[in-house]
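What follows is the residue order along each chain.
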Amino acid sequence: MHTPDIPDTPDSSSSTANPFALALASSGICELLAQLDRELIGLAPVKQRIRDIAALLLVDKLRAERGFTAGAPSLHMCFSGNPGTGKTTVALRMAAILHRLGYVRKGHLVAVTRDDLVGQYIGHTAPKTKEVLKKAMGGVLFIDEAYYLYRPENERDYGQEAIEILLQVMENNRDDLVVILAGYKDRMDQFFASNPGMSSRIAHHIDFPDYGVNELAQIADLMLETMQYRFDDEASLVFSDYLQRRMQQPHFANARSVRNALDRARLRHASRLMQDPLSVADDTSLTTITAPDLLASRIFSDTGQTASGKEKTSCAQH
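Definitions and cut-offs
- Every chain's residues receive numbers from 1 upward, in the order its sequence appears when written.
- Per-residue local features are limited, in this predicted model, to residues with pLDDT of at least 70; the limit for side-chain atom pairs, both in listing and counting, is 80 or more; totals at the level of whole chains, interfaces and linings are taken over all residues.
- As a rule here, side-chain values cover all heavy atoms of the structure and leave hydrogens and water aside.
- For Phe, Tyr and Trp, where Trp contributes only its six-membered ring, two rings pair if their centres lie within 6.5 Å, and the inter-plane angle classes them as stacked under 30 degrees, edge-to-face over 60, or tilted in between.
- Note on classification: 1.4 Å probe, protein chains only; a residue is buried when its accessible area is under 20% of the maximum for its type, exposed when over 50%, partly exposed between these limits.
- Secondary structure is summarised from DSSP: a helix means a run of H or I of at least four residues, a strand means a run of E of at least two, and numbering begins at the N terminus for each.
- Any pair of residues with heavy atoms lying within 4.5 Å of one another is described as a contacting pair.
- Under this definition, polar contacts are N or O atom pairs within 3.5 Å; protein pairs additionally need one hydrogen-donor-capable and one acceptor-capable atom, and for neighbouring residues in sequence, both atoms have to be side-chain atoms.
- Only when DSSP finds a minimum of two bridges between them are two strands counted as paired.
- Each axis is a line fitted through C-alpha atoms, taken for helices only over the stretch in contact, and angles between the N-to-C directions span 0 to 180 degrees.
- Within this analysis, the arc is defined by the directions that extend from the helix axis to the C-beta atoms.
- Per-residue confidence from the predictor is given as pLDDT, running between 0 and 100.

**Digging into the packing of aromatic side chains**
- Counted according to the given criterion, the structure contains 6 aromatic pairs.
- Taken together, a centroid distance of 5.1 Å and an interplanar angle of 70 degrees make the contact between Y147 and Y148 edge-to-face.
- On the basis of relative accessible area, Y148 is assigned to the partly exposed category, the value being 31%.
- Ring geometry for F231 and F239: centres 5.1 Å apart, planes at 40 degrees, overall tilted.

**Things to note about the environment of T125**
- Locating T125 in the fold gives a position in helix α7 (residues 125–136).
- For the pair T125 and Y158, spaced 33 residues apart in sequence, the C-alpha to C-alpha distance is 6.7 Å.
- Setting aside residues no more than four positions away along its own chain, T125 makes contact with L117, V118, G119, Y158, E161 and A162.
- A polar atom in the side chain of T125 sits 2.8 Å from the backbone nitrogen of G119.

**Describing the sheet that holds strand β2 (residues 109–112)**
- Spatial strand order, β2-β3-β4-β1-β5: 5 strands in an open sheet with parallel pairing. Either end of the sheet is taken by a strand with one partner, and the two such strands are β2 and β5 (204–208). Taking the axes of each pair of neighbouring strands and ignoring which way they run, one obtains an average angle of 20 degrees across the sheet.
- Relative to β5, helix α4 (residues 44–65) is tilted by about 155 degrees, and along the sheet it contacts β1 (77–81) and β5.
- Against the sheet, α7 engages β2 and β3 (140–144), with an angle of about 135 degrees to β3.

**Here's the deal with the side chain of S257**
- Inspection of the secondary structure assignment puts S257 in helix α13 (residues 255–275).
- Judged by its relative accessible area of 8%, S257 is buried.
- A distance of 2.7 Å separates a polar side-chain atom of S257 from the backbone nitrogen of A253.
- Once you skip the residues sitting within four places of it in the chain, S257 turns out to touch R246, H251 and F252.

**With respect to unusual backbone geometry**
- One non-glycine residue, L43, lies in the positive phi region at around 55 degrees.
- Position of L43 among the secondary structure elements: in the loop between α3 (29–39) and α4.
- Although it is not a glycine, Q228 adopts a positive phi angle of roughly 60 degrees.
- Locating Q228 in the fold gives a position in the loop between α11 (213–227) and β6 (230–231).

**Let's talk about α3**
- Among the residues of α3, those classed as buried are I29, C30, L32, L33 and L36. Taken down its axis, α3 places every buried residue within 165 degrees of arc, on the same side. Projecting away from the buried face of α3 at angles above 90 degrees are the exposed residues E31 and R38.
- On its buried face, α3 sits against α2 (19–27), α4 and α5 (87–100).

**A few points about the confidence of the model for the protein chain**
- Scored by pLDDT, the protein chain comes out at a mean of 87, with 89% of its residues at no less than 70.
- Note on residues 304–318: pLDDT is under 50 here. Beyond four places in sequence and across chains, it has 34 contacts.

**Points about the side chain of H204**
- Residue position: H204 is located in strand β5.
- When its relative accessible area of 10% is taken as the criterion, H204 is described as buried.
- Apart from the residues within four sequence positions on either side, H204 is in contact with R49, I53, S74, L75, H76, M77 and C78.

Rendered as structure tokens:
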């Protein structure tokens with residue numbers, strides 16, 4: 001059965017009459033979910049799943065207050081998807097939601113990779129892993145590219161020791177720690193197939209889809225607004241063309257690639273202003289990224305024109 005959406009802002013009249021609305025208002029999770037909506041473009045299935053989990057935890061809390069219990073819920077999760085799809089941001093919001101609902105004491109997020117957990121010699125892995133777990137207690141431990149913990153082709157690899165420690169803590173301390181494993185979906189599937197003990201402890205598997213061109217353009221606008229920049233009209237068209245080309249190339253990383261592209265455009269924008277003796281340092285020139293700032297990318301070096309019909313510049317910088 002599908003869990004109904006959590007209303008964004010319960011009104012005062014319903015709050016006094018409806019225990020669910022009252023619990024929502026007092027928990028503050030509506031604010032966190034609204035923040036997630038503002039921070040992340042698209043990802044409707046992910047956001048709905050987070051709402052579903054929040055609703056389940058809220059109902060469990062109300063049930064406990066009335067003496068009903070189904071046991072402590074298992075909250076360990078797997079976030080699968082390509083880079084730049086918002087997994088870390090969602091993990092941060094999930095930690096805050098769990099804290100607001102009283103499922104973790106602190107609500108902080110500790111983000112790590114294999115190198116933070118696995119040692120390079122005998123006796124090194126256990127203290128490293130235990131130190132990370134100690135820091136994460138009371139919050140959420142986010143392990144990115146978690147499949148690198150397990151390297152069966154290397155007989156001398158110590159990742160299995162870290163996994164065994166994690167499994168024990170995930171079972172014995174699940175009321176004080178939530179573990180989120182993240183990475184590419186196909187590799188995570190292989191990891192779970194090779195580690196059934198880990199698979200059995202993951203209650204929630206959430207897939208993060210890639211963004212489309214229009215969503216990436218919206219993400220760029222949000223990033224520019226945060227940095228107090230803007231595209232002019234022609235630059236907006238050129239950037240849409242840039243995205244379509246970049247998405248076809250290797251190592252595309254969704255929102256992460258968008259941020260990298262904007263950082264390079266800002267460099268070219270600054271260089272253009274410095275080199276132009278006629279440039280005026282007014283608000284418009286200091287905040288507006290133009291088409292030439294984007295066309296200088298080597299993404300456009302393979303053809304002579306962009307989708308807007310403008311010839312590319314001769315500069316072939318990245």
